[in-house]
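Observations on chain architecture
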Amino acid sequence: MSRPVVAVVGRPNVGKSTLFNKLTGTRLSIVDDTPGVTRDRIYGECEWLNHTFLLVDTGGLEPNSSDILLSSMREQTEIAIDAADVILFVTDLTSGVVSSDYEVASMLQKCGKPVILCVNKSDSIGAPPPELYEFYNLGIGDPFPVSSVHGHGTGDLLDAIIKYLPESDPDENDDEEIINVAVIGKPNVGKSSLVNKISGENRAIVSDIAGTTRDSIDSLVENSFGKFNIIDTAGIRRKSRVNDAIERFSVLRARMAVERANVCVIMIDACEGFTEQDSKIAGIAIEQGKACIIAVNKWDAVDKNGSTMAEFRKKLAVDFSFMSYAPVVFISAKTGQRIDSLFEMIAHVHSQNSMRIPTGRLNEMLAEATARVQPPTDKGKRLKIYYMTQASTRPPTFVFFVNNSELFHFSYQRYLENQIREVFALDSTPIKFIIRERGEGK
């Protein structure tokens, strides 16, 4: 399940970005006294009392402005509001309630989402300042006085936020038979066409115009290979080319789709071949340890001879060397070519990504592997691996307990990874290692 989203909105120059940085513990947002510095939505992870959510910083909201820049900022803020679970409405104590605040409040009252009123720049400690009571006139509810610079009042504000966060759906977590599949890739590689072919209906708008799909769309599919929830996502462009504010938020939605997925289908264009952007898109899935499949779409449009596929596959092995475990399927979303093979592979990689291996079998493999190739030494000291265990799945994560983590060189880790893949047939999933020295954490 993807994390809840909290959108930070308000008119320009009330301290939204400073508050965003304080709550996330980062400096992702540019902070400046010039109104409108934050023109694009920026998001960061926020954790409070065992609750984790995405905080989205937005540009200033001027509801009735005719200025082109402010109008664009209003549009992208409205998109953030639409996608959010909770709205954090930020105002400014020092300037009091102004006409723009009333207009923003009126807009938020119609959105149907929980809205929390934050009165920023309340720098004094102690009793609430008399000016605070003016903000009740906005009709949003109790105002929370906060100092985004000093951090005063942020704890109470976060307490209020988590009260409104949606609870996780137990059915979504427990229904293991449904595999969530995120279809990701650059714009215009055929993601929506694939989803439409799979679902047998036009669930997503299909167009040759890059960036048509701006939201994530779910399609439930059941076939002989199992039950699947196919998540169509917006195309992800290079940051330098993402000028449209709506597309910027599409990147966030695509990342959230990857987070929610069990398997990621990375679509590339057979006519265009591998690009740098394909590797960056794959990196989003790698960061989250997702099982991946590389789907080469538009294969029907490629001029072929007897060795075309083998040559293409060989080149992809080099291009995607950073995720050599990901299988490759050549498909056509237009004709439906090899769609069954794609589903079969999705079920296969999901099974591997979810595999749990008993500790006894792991250590049998470890004993044989270390006997075959001795652990490395350095300056007379030899690496000792006492035992290993599997800590988690998705991806399979293994913990090694050793005498000295610095002796556990990358090359020997790669050797043991290859042994695990060979012995337990884990050839199509990422694998993660955690190295702990004996006594570490005690």
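For every chain, the first residue of the written sequence is number 1, and numbering continues from 1 along that sequence. Predicted model: local features are reported for residues with pLDDT of at least 70 only, side-chain atom pairs are reported and counted for 80 or more only, and whole-chain, interface and lining totals are derived from all residues. Hydrogens and water molecules were not included; the side-chain quantities draw on all heavy atoms of the structure.

The sheet built from three strands is open, its strands ordered E15-E16-E17 with mixed pairing. Strands with a single pairing partner mark the edges of an open sheet, and in this sheet they are strand E15 (385-392) and strand E17 (432-437). With direction set aside, neighbouring strand axes in the sheet form an average angle of 25°. Relative to strand E16 (residues 397-402), E15 is paired through six bridges, and the arrangement is antiparallel. Bridge pairing in E16 links Tyr-387 to Phe-401. Here helix H11 (residues 359-372) sits on the sheet in contact with E15 and E16, set at roughly 140° to E15. We call two residues in contact when some of their heavy atoms are within 4.5 Å. For helices, the fitted line uses only the C-alpha atoms of the stretch in contact; every axis is such a line through C-alpha atoms, and the angle between N-to-C directions lies from 0 to 180 degrees. Strands here mean DSSP runs of E at least two residues long; helices mean DSSP runs of H or I at least four residues long; both are numbered from the N terminus. Helix H12 (residues 410-424) rests against E15, E16 and E17 of the sheet, and its axis sits at about 125° to E17. Only when DSSP finds a minimum of two bridges between them are two strands counted as paired.

Moving on, we come to the packing of aromatic side chains. Two rings from Phe, Tyr or Trp (for Trp, the six-membered ring) form a pair when their centres are within 6.5 Å of each other. A pair whose planes differ by under 30 degrees is stacked, one over 60 is edge-to-face, and the rest are tilted. Taken as a whole and assessed by the stated rule, the structure comprises 13 aromatic pairs. With a centroid separation of 5.4 Å and 45° between ring planes, the pair formed by Tyr-412 and Tyr-415 is classed as tilted. Of the two residues, Tyr-412 and Tyr-415 both sit in helix H12, three residues apart, roughly one turn of that helix. In this pair, the class of Tyr-412 matches that of Tyr-415, namely buried. Buried residues are those whose accessible area, probed at 1.4 Å on protein chains only, stays under 20% of the maximum for their type, while exposed residues exceed 50% and partly exposed ones sit between those limits.

With that settled, the discussion passes to the nonpolar core. The definition of a nonpolar core used throughout is a set of buried Ala, Val, Leu, Ile, Met, Phe, Trp, Tyr and Cys residues joined through side-chain atoms within 4.5 Å. By size, the foremost hydrophobic cluster in this structure holds 25 residues, and its most contacted members are Cys-264, Val-296 and Met-323. Residue assignment for this core shows that the elements contributing at least two residues are strand E7 (178-185), strand E10 (263-269), helix H8 (276-287), strand E11 (291-297), helix H9 (308-319) and strand E12 (328-330). A total of four residues in this core trace back to one element, the largest contributor, which is H8. Residues in contact with Met-323, not counting those within four places in the same chain, are Ile-266, Ala-282, Ile-286 and Cys-292. With 24 residues, the next largest nonpolar core counts Val-189, Leu-194, Ala-291 and Ile-339 among its residues.

Attention now goes to the side chain of Asn-229. In this structure, Asn-229 sits in strand E9 (residues 226-232). You can call Asn-229 buried: its relative accessible area is 6%. In terms of polar contacts, Asn-229 uses its side chain to reach the side chain of Asn-180, at 3.0 Å. Ignoring sequence-local partners within four residues, the contact set of Asn-229 consists of Ile-178, Ile-179, Asn-180, Val-181, Asp-218, Ser-219, Leu-220 and Arg-260. Two N or O atoms count as a polar contact when they lie within 3.5 Å, although within protein this holds only if one can serve as hydrogen donor and the other as acceptor, and sequence-adjacent residues are included solely when both atoms are side-chain atoms.

A separate point is the pairing of strand E1 (residues 5-9). The buried count for E1 comes to five of five residues, which makes it a mostly enclosed element. Residues Val-5, Ala-7 and Val-9 of E1 are buried on one face, and the alternating residues Val-6 and Val-8, pointing to the opposite face, are buried as well. Of the pairings in the sheet, the one linking E1 to strand E3 (residues 51-57) comprises four bridges and is parallel in character. In the sheet register, Val-6 faces E3, and the bridge partner there is Leu-55. Sheet analysis places E1 next to strand E4 (residues 86-92), joined by four bridges and oriented parallel. Across the sheet, residue Val-6 finds its bridge partner in E4, namely Val-86.

Their axes nearest at 11 Å, the elements helix H6 (residues 191-199) and helix H10 (residues 339-353) cross at an angle of 90°. Overall, the two elements H6 and H10 adopt an arrangement that is roughly perpendicular. Facing Leu-194, Lys-197 and Ile-198 of H6, the residues of H10 in contact are Ile-339, Leu-342 and Phe-343. Think of it as three bins: nonpolar holds Ala, Val, Leu, Ile, Met, Phe, Trp, Tyr, Cys and Pro, charged holds Asp, Glu, Lys and Arg, and polar takes everything else, Gly as well. Split into classes, the residues belonging to the contact of H6 with H10 amount to five nonpolar, no polar and one charged. Roughly parallel refers to an angle under 35 degrees, roughly antiparallel to one over 145, roughly perpendicular to one between 65 and 115, and oblique to any angle outside these ranges.

This part covers the pattern of salt bridges. Whenever a carboxyl oxygen of Asp or Glu lies within 4 Å of a side-chain nitrogen of Lys or Arg, that contact is scored as a salt bridge. As enumerated under the stated definition, the model contains nine salt bridges in all. Two residues, Arg-11 and Asp-101, come together in a salt bridge whose shortest N-O distance is 3.0 Å. Taken together, the residues Arg-11 in the loop between E1 and helix H1 (16-24) and Asp-101 in helix H3 (residues 99-109) connect sequence positions 90 residues apart. Here Glu-417 and Arg-421 are joined by a salt bridge, their closest N and O atoms 3.1 Å apart. One end of the pair, Glu-417, and the other, Arg-421, are both in helix H12, four residues apart, so they sit about a helical turn from each other. When salt bridges that share partners are traced, they join Lys-186, Glu-272 and Asp-278 into one network.

On to H8, then. A helix is expected to reach a length of 1.5 Å times the quantity of its residues less one. Taking 1.5 Å of rise per residue, the twelve residues of H8 would be expected to cover 16 Å, and the 17 Å separating its terminal C-alpha atoms lies within 8% of that figure. Among the residues of H8, those classed as buried are Gln-277, Asp-278, Ile-281, Ala-282, Gly-283, Ile-284 and Ala-285. Looking one or two residues beyond H8, the residue adopting positive phi is Gly-289, at roughly 65°.

Any cysteine sulfur atom paired with another within 2.5 Å is treated as part of a disulfide. Per the counting criterion, the structure on display carries zero disulfides. Distance from the sulfur of Cys-292, which forms no disulfide, to the nearest cysteine sulfur (Cys-264) is 5.0 Å. Of the residues examined, Cys-292 reaches a relative accessible area of 0% and is grouped as buried.

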